[in-house]
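# Tertiary structure, described
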Amino acid sequence: PHVAEAALGADRLMPWRAATRAAEAIEILRRDGRGIVALETVAGAADLATFRWTFPCALLLGNERFGLDPALVRAADACVRIPVFGRKNSLNVVSAAAIALHAARCACEAGHRSAAHG
């Protein structure tokens, strides 16, 4: 019910499914042929501006306060970060998702098909 309320009808336009655990969702996505990209500020994460997306893919987003579980970051095929400046090193998860999804969409429209993980 929360998804339907937040989606304002978009949940009826886009296929989706729920998973009990993030690791389970990753397994399902991989089985469906999707690459897994973690959005996290960890050492070695590629800069969003230079990251080469591979499609189809799924984007993992973490908790605003604690980020992604390290096991999920390790399970991803690639890790990407949004560079921020100042004292804080993170963004609100909705803002971060919007920025990353916009970059992915632009890359998809530009025809990027190869992956570079660094």
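For the structure, check the block above.
What you see as residue numbers is a count from 1 along each chain, following the sequence as written. This being a predicted model, a pLDDT of at least 70 is required before a residue's local features are given, and a value of 80 or more before pairs of side-chain atoms are given or counted; all residues contribute to the totals for chains, interfaces and linings. As a rule here, side-chain values cover all heavy atoms of the structure and leave hydrogens and water aside.

### Concerning the overall build of the chain
As a reminder of what qualifies: Note on conventions: DSSP H or I runs of at least 4 residues are helices, E runs of at least 2 residues are strands, and numbering of each starts at the N terminus. Only C-alpha atoms enter the radius of gyration, while the globule expectation follows 2.2 Å times N to the 0.38, with N the number of residues. Buried residues are those whose accessible area, probed at 1.4 Å on protein chains only, stays under 20% of the maximum for their type, while exposed residues exceed 50% and partly exposed ones sit between those limits. By definition, residues are in contact when any of their heavy atoms lie within 4.5 Å. Using a 1.4 Å probe, accessible areas were evaluated by the Shrake-Rupley method; residue-level cover was limited to the displayed protein chains. Only four residue types enter the charge count: Lys and Arg as positive, Asp and Glu as negative, with His and the chain ends excluded. Where a charge sits is defined by one atom per residue type, namely NZ (Lys), CZ (Arg), CG (Asp) or CD (Glu).
The number of helices and strands found in the chain is 4 helices and 4 strands. When the elements of the chain are put in sequence order from the N terminus, they spell out α-α-β-β-β-α-β-α. Relative to the 2.2 N^0.38 estimate, which gives 13 Å for 118 residues, the radius of gyration of the chain is 14 Å and therefore close to what a compact globule would have. The dimensions of the chain, computed from C-alpha atoms along their principal axes, are 40 × 35 × 25 Å. The proportion of buried residues among the 118 residues of the chain is 26%. In the chain, the proportion of contacts linking residues at least 24 apart, taken out of those at least 6 apart, comes to 69%. Summed over its atoms, the accessible surface of the chain is roughly 8200 Å², and 57% of this surface lies on carbon and sulfur atoms. Of the side chains in the chain, 14 bear a positive and 11 a negative charge, and the two mean positions are spaced by 4 Å.

### A closer look at the packing of aromatic side chains
The relation between two aromatic rings is expressed through the spacing of the ring centres and the mutual angle of the planes. Just so we agree on the cut-off: Each aromatic pair joins two rings of Phe, Tyr and Trp (for Trp, the six-membered one) with centres within 6.5 Å, and gets the label stacked for planes under 30 degrees apart, edge-to-face for over 60, and tilted for any other angle.
Tallied over the full model, the rule gives 1 aromatic pair. Seen from their ring centres, Phe51 and Trp53 are 4.9 Å apart, and the 90 degrees between their planes marks the pair as edge-to-face. We note that Phe51, like Trp53, is buried.

### Notes on the side chain of Glu40
The condition is simple: Think of a salt bridge as a Lys or Arg side-chain nitrogen and an Asp or Glu carboxyl oxygen that are within 4 Å of each other.
By secondary structure assignment, the location of Glu40 is in the loop between β1 (35-39) and β2 (46-47). Here Glu40 sits buried without a salt bridge, and the closest side chain of opposite charge, Arg81, lies 10 Å off (N-O distance). Beyond its immediate chain neighbours, meaning those up to four positions away, Glu40 contacts Ala45, Gly67, Leu68, Val73, Cys79, Val80 and Arg81.

### With respect to the environment of Ile99
The topology assignment puts Ile99 in helix α4 (residues 93-110). Taking the relative accessible area as the measure of exposure, Ile99 reaches 38% and is therefore partly exposed.

### Focus on the sheet that holds strand β3 (residues 57-60)
Inclusion rule: We call two strands paired when DSSP finds no fewer than two bridges between them.
The strand order β2-β4-β1-β3 describes an open sheet built from 4 strands, whose pairing is parallel. Each end of this open sheet is capped by a strand with a single partner; those strands are β2 and β3. As defined by bridge partners, β1 adjoins strand β4 (residues 78-81) across 3 bridges and the pair is classed as parallel. Note on β4: the bridge partner recorded for Leu39 is Val80.

### Re unusual backbone geometry
With omega at 0 degrees, the peptide bond leading from Phe55 into Pro56 counts as cis. Mapped onto the secondary structure, Pro56 falls in the loop between β2 and β3.

It is worth stressing that arrangement in space is one thing and function is another; only the former is reported here.
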